[in-house]
Every structure is written in C-alpha cells, then in structure tokens.
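# Reading the structure
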Amino acid sequence: MRISQLFYQTLKEVPREAQIPSHQLMFRAGMIQQLASGIYNYLPLAYKSIRKLETIIREELEKKGCQEVLLPYVQPSELWEESGRWGYYGPELLRFKDRKGGDFCLGPTHEEVITDMVRKNLKSYRQLPWNIFQIQTKFRDEVRPRFGLMRGREFIMKDGYSFDVDEEASKVTYQKMYDAYTAIFSRCGLTFRAVDAATGNIGGDMSHEFQVLAQSGEDLILSCDTCSYAANVEKAVTKRSEGTRDSSLFEEPEEVHTPGCKTIEEISDFLKMDASRFIKSIVYIIDEEPVLILIRGDLDINESKVQTIMGANSVELADDATVLEITGAGTGFAGPVGLKKKVKILADFSVTSGENFVSGANKDDYHLKNVNYGKDYTPDMLGDITFAAAGESCPHCDGKLEEHRGIEVGQVFYLGTKYSKTMNCSYLDKDGKDQLAVMGCYGIGVGRTVAAAIEQNHDDDGIIWPAALAPFEAVVLPLQMNKEEVVQAGDTIYEELKAQGVDTALDDREERAGFKFKDADLIGYPLQIVVGARSLENGEVEVKIRKTGEKMNLSLDKVASFVKEYIDGEKAIS
RNA sequence: CGGGAUAUAGCCUAGUGGCUAAGGCGCCUGCUUUGGGAGCAGGAAAUCGCAGGUUCGAGUCCUGCUAUCCCGACCA
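### Some details on the nonpolar core
- The biggest cluster of nonpolar side chains holds 64 residues, and the ones touching the most others in it are Met26, Met31, Tyr181, Ile184, Phe185 and Trp465.
- No other element matches the seven residues that helix 2 (residues 44–63) contributes to this core.
- The residues contacting Ile184, other than those within four sequence positions of it, are Leu53, Ile56, Ile57, Glu60, Leu61 and Ile444.
- Of all hydrophobic cores here, the second largest spans 25 residues; its members include Val118, Leu128, Phe163 and Phe413.

Right under this line is the structure:
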C-alpha cells in the first residue's frame, strides 16, 4: 500500500471524548470515527487489523472442526418468545416493528436463531457433533457505551455454538474451544488469563472468560499466586463456610430507637459500632418472588453469586413499596427477625460467625440489638454470596488471591439443554429415542480484542502492534522524496518485501523525515525501514524495531530477508 | 435510570451582553526546507447543537429539546 493513497489522517490532538489509550490512539491513527454513541466507522487501518484477527480465528476454529455460517442480524420476536428471553431481556435488546407491525429485534446474540436453524436439520445422533460459528456485527443497546471499541453498542463478534449428543461429548467440545481460544489469543501476542466466570442470563453452568490484562480493564479478576486458579470477581470463591458462634454469649434482642438511620454508615455512626457488627438486610425480587438477603454490614452482595445459588434468571432490588409490604417498614429498617413466614431468607456465611449483631427491626426508625443466627432467625438458605478479595485464600491450594484488571475478549459457556429444551432441538439416539442436543456457546469480541491489543501495547509515541494484528507489518520510509536514488531504493525494498509476503506500506508522501517518523511510531508498524540519503551512500538502510526502539543498519540486499525473518518470528510467538 | 458536565470550522481551544467570532493543528497555493510532527507569505473553511424567550443588541442570560462525555447503577 502506498500511503499517499491510504484513506486515513493522523492527528496530533484527540477529541475530549476519547478517554483511554486504545480509543485515543485509534482515533489519532485514523483507524476509527464515531458515528453515534457506541457506533463507529472502521477505517482501512482498523479493518485491516480486524481482518487479520478474523483470519486467525477462522484458522484456529477450523482446526477444531468448526464451520462458518452467516445468520441474519434482524430477528423475529417469535424465536425470542419461544426461548422466553423476549420477556426478560431488557431494553438492551433493540426492538422494532416491520411494515406489517411484526415485532423484530437486532441480534445481540444468536442462540435462538442457531437453535432454530439446527433443529430444522437435526435428525440423528449420527449427524453430531456440530460446531457452527459466524463473524458478524451485533447490536446491544448498552446503557452506557464507552471507551471506543471497548464497549460499543454495535460491535463485531465471533459467536459460535456447539451441539453434542450428551453432556460428556459437550464437555469435550468445551475443552476444545477453550484450547482454540488459548491458541487464538496467544497468536495475537496478547498477555491474558482464562478465568472462571459467571454465566449471567445466558444461562448454563460452566464458563470461562478470556481476559487480556490491562490497567484500563473494566473487569476485576482474582488469580492465585501459587496455582492456576483465576476467576472474575463476580465468580471468584475463596475458602468459606458456615462460621461458629458461642451461644453462651447470646443476649436477648432489644429494640433501639435509631431515627432516620437508613444506611449502614448512618447507623454505624449513630450507635458508634463498626459496620461489621450489623446485618445488612436487603429485599430482592428473584424471578418475581421476594427474597430477603442477609450479609454482614461491611460486605457487599454479589448478585451474580445470588443468581447462581438460586438458579435464577433475574435478580433485582425490590422497590420501596414491596419492602414496606413485606417488612412493614420503610427501606433501611428491614431485618430477619419475625419475617420467616412472610419471605424466603438467603443468608451469607458472614452472618453466622460471632454473636449479637444489630439488624433492622422491621419498624420505622428502630433497629434490633443482639440478633443471633440460629436463635432469633434461621434462613432458608445459606451460602457464599459476597465478593472475594485480594489477599484471601485460594480455594484450591494454600496460595493467596491477587488482583488484576482485565478486558474480557472472549467467553466460553457450557449451556447444557437450556435452549434445546425450550426450543425443542432434539435428535434420535441409537435406540430410536428422542434426546435433547447438548449445547455450548463461544464468543469473541473482535473489535474489542484489537482495542485490547492496543491497551496492552502502546507508549507515549503511539501503538506498538503485535505483528499478528498490525495493519501493516512493516513500513518503508524514503526520507528525501526529492532524491531519485532514495525514492528508487525505497520502491525496490517495498517491492521485495511484498514479494516475500510481508504486508508492507510505503510512505511515499512528500513529507519531511520527522513527520514520517512520528506517523510511523503512532500507527505502530512493528518495523520501520528508513531509507535515507545518508546511509544509502554506504549502500545501507536503517531498520527500527518499534517494540524495542532498537535501530540497526543493514545493507540493501539483506533487508528483505531480515524483515521477513523478524516478522515470521514475531508471529510465531505463542 | 440517578448524579455531574459539555456543545464555537475536520480536530483542539479562546471568546465572561456591544465593532467584521479569534488562535493553534489539519487543508489549498507559492517560495524555501529535507534524519524526529520545519519556516515565510497568501487562501478556503463556522446557519456558535436545535427551538423559543429576555434585550436596543445574545456565541455569551433564561426555558425547553437534542447530542456527546464522565461517575454510579446496569451489562449473553
């Protein structure tokens, strides 16, 4: 590619909107343009990187026997009603009507469509396994899109779905996909961790996220400093169980007047007691049923763990009216004592250690002192529903958990029969009996992975592309465009590199040397081949390695082979 | 959805009720220059987010709307 013809423009300044390095740099390097909140144009440089990632994805998936399709991104409501998700998928699902008044949505994911497609073709166990994927634009009307390609509303995603005869076969497929993902992100030259993940409302009961480690990551992950355990903070567990109490220390409950003290902070200040001496009692609506959740005052409820423990589809806070109806008091004065018959109670292990807690009294402006687990109340369910934290023990070994920030670039789910059941996707087994297909699903955020690569690889001057994702692997920079021999040498090297199969750009613009250097650093070509009058006198050019800043002089006849070798070496790193 | 902020040329900004809306980056022309975003001279480019209002006079004040960003809640 001759850069004089490339559709792009680099900028010295960034719009105020761009907040994180990948967004700023992609903007400055002329890779993306915003069209609306969370919706972007991909310019040639960005799309080249995206296509390179897509190629890696295709190669690795095809090695595992996956097949590529392309499904519609406009989907009829009927399928979503069948799976039940039309009802409880929120406004994130962009819905609209066609001219006949029929309900449609833009696909945020494709479980429904793929399951429908497969069930129409699936007859016999002999056909399975099937593992089908697509790379396509998705739309999710995120409440708060941000950070450029990191969290867009419209984004490119690879989504794949597997269909197996039974759980055992499906778990083999899951492992294959896990391995494929590991290979994909390794080939991209990314530093990442595969972590245990929550399954959210896509359902299923086993999942890993692939997290690229980066400061600006939106996800918090915990990993063991000793073994391979790593998990999203939503899912991370630590060694926890029911605690112990000394019942000889139990005192009788006693009401205490606490006017206006609704939050743990207020009541803790008012009574001059530490937050850990309180039981936080919060009413949730879990699958339309109220549940009172208890946790120690200094801890937070991990809704994801609640969802898992309850096997629920939705977990949300109850509104004030519901709280009043159930507890007989305004929000802020709920407590477990005396509510046993009115509402189901879920307690965290944290309330089972120690004695004489303070909780709400289910009476406006009153709290109850000396509340004891097992004596004054007994929850219906007990479990670990708090967040794990750095410094706690690893659940698998004696190590300690440490904290990292991560960007979720991929996720694999074991779905079981969640969708094949509601949508009746079945086959006949050897005995002629009807069986449900067992499914898995597997996603990669394509644009996000490219952005994550930049988050992880940049400096003050610009992007430092891993060779595998670089829009161009090398750039040739003729410094004096008015000198025939420089232009000639540049052209020759450029042609040689292309002939070697190196994806090369030639900066043939009538610009000064400094300008070309700045642009090359910003765009982040892994190698810069500097053709200048000075070194050309010795029959040499200078090669700069963007990653290390290292510069070396090479004779003209050695350049192409050096570049080829270097790039191949970089791309082989995994 | 709650809280906060912003909206002036393609981009970054100045403009604090009063003359023709100013500067930098970028763009075009010419000259000069050619190893780290050069210099000089000239030029094009703005319905000051939209609508209404206050005022002799509004980019500037008020109201409404829209869009964008930030924090939080949310997020297969």
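### Quick notes on a nonpolar patch on the surface
- A contiguous nonpolar surface patch, about 270 Å² in accessible area, is contributed by Tyr73, Val74 and Phe96.
- Among the structural elements, Phe96 can be located in strand 5 (residues 95–97).
- What makes Phe96 partly exposed here is its relative accessible area of 33%.

### Considerations on unusual backbone geometry
- Residue Pro129 is reached from Leu128 by a cis peptide bond, and omega for that bond is 5°.
- Mapping Pro129 onto the fold places it in the loop between helix 5 (111–121) and strand 7 (130–139).
- For Asp365, which is not a glycine, the phi torsion comes out positive at approximately 65°.
- With respect to the helices, strands and loops of the structure, Asp365 is situated in the loop between strand 18 (357–360) and strand 19 (366–371).
- Residue classification places Asp365 among the partly exposed residues on the basis of a relative accessible area of 28%.

### Quick word on the packing of aromatic side chains
- As enumerated under the stated definition, the model contains 10 aromatic pairs in all.
- Ring centres of Phe472 and Tyr525 lie 6.4 Å apart, and the angle between their planes is 40°; on these two criteria the pair is classed as tilted. Separated by 53 residues along the polypeptide, Phe472 in the loop between strand 26 (462–463) and strand 27 (474–478) and Tyr525 in the loop between helix 13 (513–523) and strand 29 (527–531) bring together distant segments of the chain. Summarising the burial analysis for this pair, Phe472 and Tyr525 share the class buried.
- Grouping aromatic residues by their ring pairs yields a cluster made of Tyr178, Tyr181, Phe185, Phe192 and Phe210.

### Remarks on the sheet that holds strand 6 (residues 103–106)
- The antiparallel open sheet is built from three strands, whose spatial order is 4-6-5. In the strand order of this sheet, the two ends are held by strand 4 (74–76) and strand 5, each with one partner. Strand-to-strand twist in this sheet, taken as the mean axis angle between neighbours without regard to direction, amounts to 40°.
- Where strand 5 lies against strand 6, three bridges are found, and the strand directions are antiparallel. Counted as the bridge partner of Phe96 is Phe104 from strand 6.

### Looking at the environment of Ile279
- Counting through the fold element by element, Ile279 comes out in strand 14 (residues 279–286).
- Ile279 gets classed as buried once you look at its relative accessible area, which sits at 4%.
- Counting along the chain gives 137 residues from Ile279 to Glu142, while the straight-line C-alpha distance between them is 34 Å.
- Apart from the residues lying within four places of it in its own chain, the contact partners of Ile279 are Leu294, Ile295, Val351, Phe357, Val358, Ser359, Val371 and Tyr377.

The rules behind each value
Residues numbered from 1 in each chain as written. Chains lettered and ligands numbered in written order. Predicted model: local features only at pLDDT ≥ 70, side-chain atom pairs only at ≥ 80, totals over all residues. Heavy atoms only, no water. Core = buried A, V, L, I, M, F, W, Y, C linked by side-chain atoms within 4.5 Å. Buried < 20%, exposed > 50% of the residue type's maximum accessible area, 1.4 Å probe, protein only. Helix = DSSP H or I, 4+ residues; strand = E, 2+ residues; numbered from the N terminus. Contact = heavy atoms within 4.5 Å. Patch = residues over 30% accessible without salt bridge, like charges linked within 9 Å, V, L, I, M, F, W, Y side chains within 5 Å. Areas by Shrake-Rupley, 256 points an atom, 1.4 Å probe, with all protein chains shown as cover. Salt bridge = Lys/Arg side-chain N within 4 Å of Asp/Glu carboxyl O. Phe/Tyr/Trp six-rings, centres within 6.5 Å; stacked < 30°, edge-to-face > 60°. Pairing = 2+ DSSP bridges. Axes fitted to C-alpha atoms, helices over the stretch in contact; angles between N-to-C directions.

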